[in-house]
Amino acid sequence: MNRVFIKTYGCQMNERDSDAVAAMLRERGYAIVDSEAEADIILLNTCSVREQAEQKAIGKAGRLLKARRLGLNAAAMTTGDSATPPPPGAPPLRLVGVIGCMAQNRGAALLDSLPDLDLVAGTQKFHRVPDHLDNLLAGLRALGPRPASIVDTEGEPGSQNTISAHSSHRAVSAFVSIMQGCDMNCTYCIVPKTRGRERARPMDEIVDEVRALAERGTKEVVLLGQLVNHYGLREFPTVDGKSPFVQLLEKINALDGIERIRFTSPHPAGFRADLVDCYRRLPKLCEDIHLPVQSGSDRILRAMRRTYTRERYLRIVEALRAANPAMRFSTDIIVGFPGETDADFEETLSLFDAVRFDMAFIFKYSPRSGTPAESLGDTVPREIKELRNQILLGRLETFSNASHRALVGTVREVLVECPSRKGNGLFMGRDRGGRKVLFPGTSGDVGRLLNIHVEKATTTVLMGTVA
Ligand code: SAH
Ligand code: SF4
Ligand code: F3S
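Residues numbered from 1 in each chain as written. Chains lettered and ligands numbered in written order. Predicted model: local features only at pLDDT ≥ 70, side-chain atom pairs only at ≥ 80, totals over all residues. Heavy atoms only, no water.

J.: Explanation requested: the site of ligand 3 in the structure shown.
T.: Residues in close proximity to ligand 3 include Cys11, Asn14, Thr46, Cys47, Ser48, Val49, Cys101, Arg195 and Gln226, which together make up its full environment. When its residues are assigned to classes, the shell around ligand 3 shows four nonpolar, four polar and one charged. (Near = heavy atom within 4 Å. Nonpolar A, V, L, I, M, F, W, Y, C, P; charged D, E, K, R; others polar.)

J.: For this particular structure, what's the right way to read the site of ligand 1?
T.: For ligand 1, the set of nearby residues contains 14 residues, the closest of which are Gln226, Pro292, Gln294, Asp332 and Ser366. Gln294 places a side-chain nitrogen or oxygen 2.7 Å from an oxygen atom of ligand 1. For ligand 1, an oxygen atom lies 3.3 Å from a polar atom in the side chain of Arg306. In the complex, 91% of the free accessible area of ligand 1, which totals 550 Å², lies under the protein chains. Contributions of two or more residues to the shell around ligand 1 are made by β13 (328–335) and β14 (359–364). (Polar contact = N/O pair within 3.5 Å; in protein donor to acceptor, adjacent residues only side chain to side chain. Areas by Shrake-Rupley, 256 points an atom, 1.4 Å probe, with all protein chains shown as cover. Helix = DSSP H or I, 4+ residues; strand = E, 2+ residues; numbered from the N terminus.)

J.: In this structure, what is going on with the packing of helix α8 (residues 244–253) against helix α9 (residues 273–281)? I would like to understand it.
T.: Describing two packed helices takes the angle between their axes plus the distance from one axis to the other. Direction vectors running N to C along α8 and α9 enclose 15°, while the axes themselves pass 9 Å from each other. Classed by the angle they form, the pair α8 and α9 counts as roughly parallel. With respect to the hand of their crossing, α8 and α9 are arranged in right-handed fashion. Of the residues in α9, those in contact with Phe245, Val246, Leu249 and Glu250 of α8 are Asp274, Leu275, Cys278 and Arg281. (Axes fitted to C-alpha atoms, helices over the stretch in contact; angles between N-to-C directions. Parallel < 35°, antiparallel > 145°, perpendicular 65-115°, else oblique. Left-handed = near helix turned anticlockwise from the far one by under 90°. Contact = heavy atoms within 4.5 Å.)

J.: What am I meant to see in the side chain of Arg306 here?
T.: Residue position: Arg306 is located in the loop between α10 (298–304) and α11 (310–323). Looking at Arg306, its side chain comes within polar contact range of the side chain of Tyr188, at 3.3 Å. Once residues within four sequence positions are removed from consideration, Arg306 is found in contact with Cys186, Tyr188, His267, Pro268, Pro292, Val293, Gln294 and Leu301.

J.: Looking at this model, I keep getting lost on the side chain of Asp40. Mind explaining?
T.: Residue position: Asp40 is located in the loop between β2 (31–32) and β3 (41–46). Within the structure, the side chain of Asp40 is placed 3.2 Å from the backbone nitrogen of Asn2, a separation counted as a polar contact. Side-chain polar atoms of Asp40 contact the backbone nitrogen of Arg3, separated by 2.7 Å.

J.: What is the right way to look at the sheet that holds strand β12 (residues 288–290) in this model?
T.: Sheet strands associate in pairs through backbone hydrogen bonding, adopting either a parallel or an antiparallel arrangement. Strand order across the open sheet formed by three strands is β12-β13-β14, with parallel pairing between neighbours. The open sheet terminates on both sides in strands that have one partner only, identified here as β12 and β14. Ignoring strand direction, the axes of neighbouring strands in this sheet form an average angle of 10°. Summarising the sheet, β13 and β14 pair through six bridges and their orientation is parallel. Bridge pairing in β14 links Val335 to Lys364. Here helix α13 (residues 382–405) sits on the sheet and contacts β13 and β14; the angle it forms with β14, its principal contact strand, is near 175°. (Pairing = 2+ DSSP bridges.)

J.: I tried to follow the nonpolar core on my own but got confused; where do I start?
T.: The tendency in soluble globular proteins is for nonpolar side chains to be buried as a group. Ranked by size, the top nonpolar core spans 70 residues in total, and within it Ile178, Leu223 and Leu249 carry the most contacts. Not counting chain neighbours up to four residues away, the residues in contact with Ile178 comprise Ala200, Arg201, Ile206, Leu223, Leu224, Val228, Tyr231, Phe245 and Leu248. Core analysis: the next-biggest nonpolar cluster, separate from the first, contains 26 residues, Ala39, Ala57, Val96 and Leu117 among them. (Core = buried A, V, L, I, M, F, W, Y, C linked by side-chain atoms within 4.5 Å. Buried < 20%, exposed > 50% of the residue type's maximum accessible area, 1.4 Å probe, protein only.)

J.: Just to check I follow, could you spell out the domain arrangement of the chain for this structure?
T.: What the domain assignment lists for the chain is domain 1 (3–152), domain 2 (159–405) and domain 3 (411–466). Placing a centre on the C-alpha atoms of domain 1 and another on those of domain 2 gives a separation of 30 Å. Tallying the contact residues gives 25 residues for domain 1 and 29 residues for domain 2. Where domain 1 abuts domain 2, roughly 2,300 Å² becomes buried across the two surfaces, and 55% of that area is made up of carbon and sulfur atoms. Sorting the residues of domain 1 by area buried against domain 2 places Met13, Arg16 and Arg50 first, and these three jointly supply 30% of that buried surface. Our count for the domain 1 to domain 2 interface comes out at four salt bridges. Measuring nitrogen to oxygen at the nearest pair gives 2.8 Å for the salt bridge that ties Glu51 to Arg368. (Domains from an automatic or database assignment. Buried area = accessible area lost by both parts, 1.4 Å probe. Salt bridge = Lys/Arg side-chain N within 4 Å of Asp/Glu carboxyl O.)

J.: Just checking my understanding: could you explain the sheet that holds strand β19 (residues 461–466) for this structure?
T.: Around the barrel, which closes on itself, the five strands sit in the order β15-β16-β17-β19-β18 with mixed pairing between neighbours. Averaged over all neighbouring strand pairs, the angle between strand axes comes to 55°, with direction disregarded. Relative to strand β18 (residues 449–457), strand β15 (residues 411–419) runs antiparallel, the two sharing five bridges. Counterpart to Arg412 in the pairing with β18 is Ile452.

This is the structure we're talking about:
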């Protein structure tokens with residue numbers, strides 16, 4: 001049967017990795033299915049960035065393995081009731097694997113709590129997943145005892161070049177992974193451990209991948225990396241004052257068929273004039289920037305080892321707004337980093353107000369074992385973290401409401417992505433700022449750039465009709 005469902009936790013890099021694994025498995029003759037109920041093989045592509053993310057995946061793996069032990073389908077377990085019969089025709093679960101960041105972070109130790117887990121494959125081993133599944137299935141067919149678990153988490157030079165295949169053939173907007181790893185060592189962060197050292201893919205291979213996507217109908221690419229603006233700094237030279245990342249943006253901007261370029265996430269350190277200038281020169285580059293700030297307090301930024309000051313961050317925002325006044329900013333913020341006082345939090349609030357972010361991810365600090373900040377403990381009480389979180393969410397709602405409302409009556413250029421999930425005859429696209437726009441359309445609109453007259457706005461979407 002060999003029907004695989006991949007459940008993805010975590011960031012866009014993980015979504016991209018899952019898609020590449022799906023493409024590699026398909027190439028090997030596996031079917032990729034859209035729900036756990038249809039699958040006999042389930043892979044969890046995991047995240048370690050906060051404790052909660054790991055606990056969620058471990059809980060899920062435990063329930064799946066229990067279903068497998070009982071000879072049931074995964075769907076039988078989703079209610080948490082082992083007596084629920086699987087849907088008619090549902091295959092019993094045969095293999096369960098954990099891949100990605102938590103596999104890398106915990107490795108063989110995962111087998112202590114999940115002894116019958118079949119596969120643990122780390123972040124440099126996605127391309128080995130088809131071989132591992134082939135071998136596990138051969139072991140199952142051999143009718144002996146259950147095949148031994150496979151744990152594969154070694155580093156592998158060149159593994160960043162293996163994330164290039166795409167499974168969906170007609171995605172309007174596609175993720176493209178341009179580098180792996182992170183050398184920044186922010187004190188709270190597990191990613192340098194889960195993703196390893198910074199490694200760039202060759203520029204030509206990335207350009208070839210984007211060209212192939214464009215030939216298949218992709219109109220927008222989102223370039224991915226933990227530190228996209230640091231792309232290739234070690235591997236490739238700066239040319240005419242332009243960093244390798246800027247050179248890459250220029251090459252992609254020149255490709256026929258590609259209409260829009262976005263990237264995530266850049267780091268304020270190394271966000272220089274050559275990159276700011278791209279927003280004047282490269283028409284396909286969208287005025288939509290996710291620039292994680294983490295805190296507005298210099299004292300906390302120093303303790304986080306973020307290597308920039310609040311002032312420097314605000315200057316980058318100012319330079320980008322000067323390059324394009326329509327620039328839309330989003331950010332990541334951590335509340336409750338060890339030692340964060342009310343005064344520190346006030347600094348974060350005032351920075352939030354100065355930029356008026358209308359999109360942001362706000363995280364409550366979660367101590368990660370093995371990070372430099374671990375020794376600082378977790379000193380901010382849970383209620384204070386919650387309160388700071390709520391205050392920021394309130395600000396965010398105010399700013400996103402106001403910025404959305406200000407667009408009512410204007411015309412937005414929208415790249416149409418797909419029918420709206422609610423299936424009400426509406427189609428979904430995004431404006432250049434990345435805002436979701438809903439409008440009545442037809443399937444022929446998918447992949448086209450349309451001018452939409454905005455008639456209504458909520459906190460999360462704009463609604464309108466074709467102008
Ligand atoms: N490379 C990106 C971020 C990757 S992790 C960057 O540096 O901007 C995504 C976000 O998770 C981070 O921006 C941070 O806000 C949050 N995060 C990371 N470690 C965390 C921790 N230990 N506790 C809470 N949030 C964390
Ligand atoms: Fe983590 Fe910092 Fe690297 Fe981002 S830059 S992945 S927050 S260490
Ligand atoms: Fe999580 Fe790994 Fe992304 S730890 S945030 S899935 S890089």
